[in-house]
Amino acid sequence: MESASAFIDEKIKELGDWRGKTLAKVREIVHEADSEIVEEWKWAKPTSAGTPVWSHGGIVCTGETYKNVVKMTFAKGAALKDPAGLFNSSLDGNLRRAIDIHERDKVDEAALKDLIRAAVALNLNLKGKSKPKPRLASSKRAD
């Protein structure tokens with residue numbers, strides 16, 4: 001069984017145009033932003049080869065490719081501050097936000113790294129809140 005990283009490598013190679021180069025650059029930025037990011041390959045089915053996914057404490061973002069755009073969709077993007085205004089797609093939803101990157105677009109790498117780090121922090125914060133807090137044993141007895 002091939003690893004998710006191998007599937008992503010193959011996708012980049014298969015595209016062979018600006019979209020492949022852009023997906024490779026996005027992947028590089030994601031890993032530079034967080035060295036603990038895990039690559040996954042999700043949602044493969046007969047009608048779709050699947051989608052690259054980067055996770056840390058939950059899904060951070062996906063890297064989808066279409067004819068005219070490479071789309072980075074942030075799973076919890078609506079909860080993230082975006083001071084650089086990178087989000088330019090899926091702005092009406094309650095949860096997701098996306099960045100559509102077109103052929104000649106210049107990506108603000110520093111702002112994108114900040115957004116990725118914020119998404120990871122949100123995932124880890126939410127993950128921590130979902131676990132019940134352990135109770136400490138007390139030496140005092142209630143009489």
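Residues numbered from 1 in each chain as written. Predicted model: local features only at pLDDT ≥ 70, side-chain atom pairs only at ≥ 80, totals over all residues. Heavy atoms only, no water.

Undergrad: Would you explain helix H1 (residues 4-15) in this entry?
TA: Note that an α-helix has 3.6 residues per turn; residues three or four places apart therefore point the same way. If you check H1, its first and last C-alpha atoms are 17 Å apart, about what 12 residues at 1.5 Å a residue would give, namely 16 Å. Turning to H1, its buried residues number three or more, namely Ala 4, Ile 8, Lys 11, Ile 12 and Leu 15. The arc that holds every buried residue of H1, seen down its axis, measures 95°, which confines them to one face. More than 90 degrees from the buried face of H1, the exposed residues found are Lys 13 and Glu 14. Just downstream of H1 lies Gly 16, where phi reads positive at about 60°. (Helix = DSSP H or I, 4+ residues; strand = E, 2+ residues; numbered from the N terminus. Expected span 1.5 Å × (residues − 1). Buried < 20%, exposed > 50% of the residue type's maximum accessible area, 1.4 Å probe, protein only. Arc of directions from axis to C-beta.)

Undergrad: I'm lost on the environment of Leu 112 in this one. Help?
TA: For Leu 112, the location among the structural elements is in helix H3 (residues 109-130). On the accessibility criterion, Leu 112 (1% relative accessible area) is buried. Sequence separation between Leu 112 and Ile 29 is 83 residues, and the spatial gap between their C-alpha atoms is 7.7 Å. With near-sequence residues (within four places) excluded, Leu 112 lies in contact with Ile 29, Met 72, Phe 74, Leu 86, Ile 99 and Val 107. (Contact = heavy atoms within 4.5 Å.)

Undergrad: Help me understand the sheet that holds strand S5 (residues 97-101) in this model?
TA: Sheet strands pair by backbone hydrogen bonding; their relative direction is either parallel or antiparallel. Taken together, 5 strands build an open sheet; the order of strands is S1-S2-S3-S4-S5 and the sheet is antiparallel. Each edge of the sheet is formed by a strand with only one pairing partner; in this case those strands are strand S1 (38-42) and S5. Between one strand axis and the next, the sheet turns by 25° as a mean value, whatever way the strands run. Where strand S2 (residues 51-55) meets strand S3 (residues 59-65), 3 bridges bridge the pair, whose relative direction is antiparallel. Bridge pairing links Ser 55 to Ile 59 in S3. Sheet strands touched by H1: S1, S2 and S3. Its angle to S1, the strand with the most contacts, is close to 70°. Relative to S2, helix H2 (residues 18-33) is tilted by about 15°, and along the sheet it contacts S1, S2, S3, strand S4 (70-74) and S5. (Pairing = 2+ DSSP bridges. Axes fitted to C-alpha atoms, helices over the stretch in contact; angles between N-to-C directions.)

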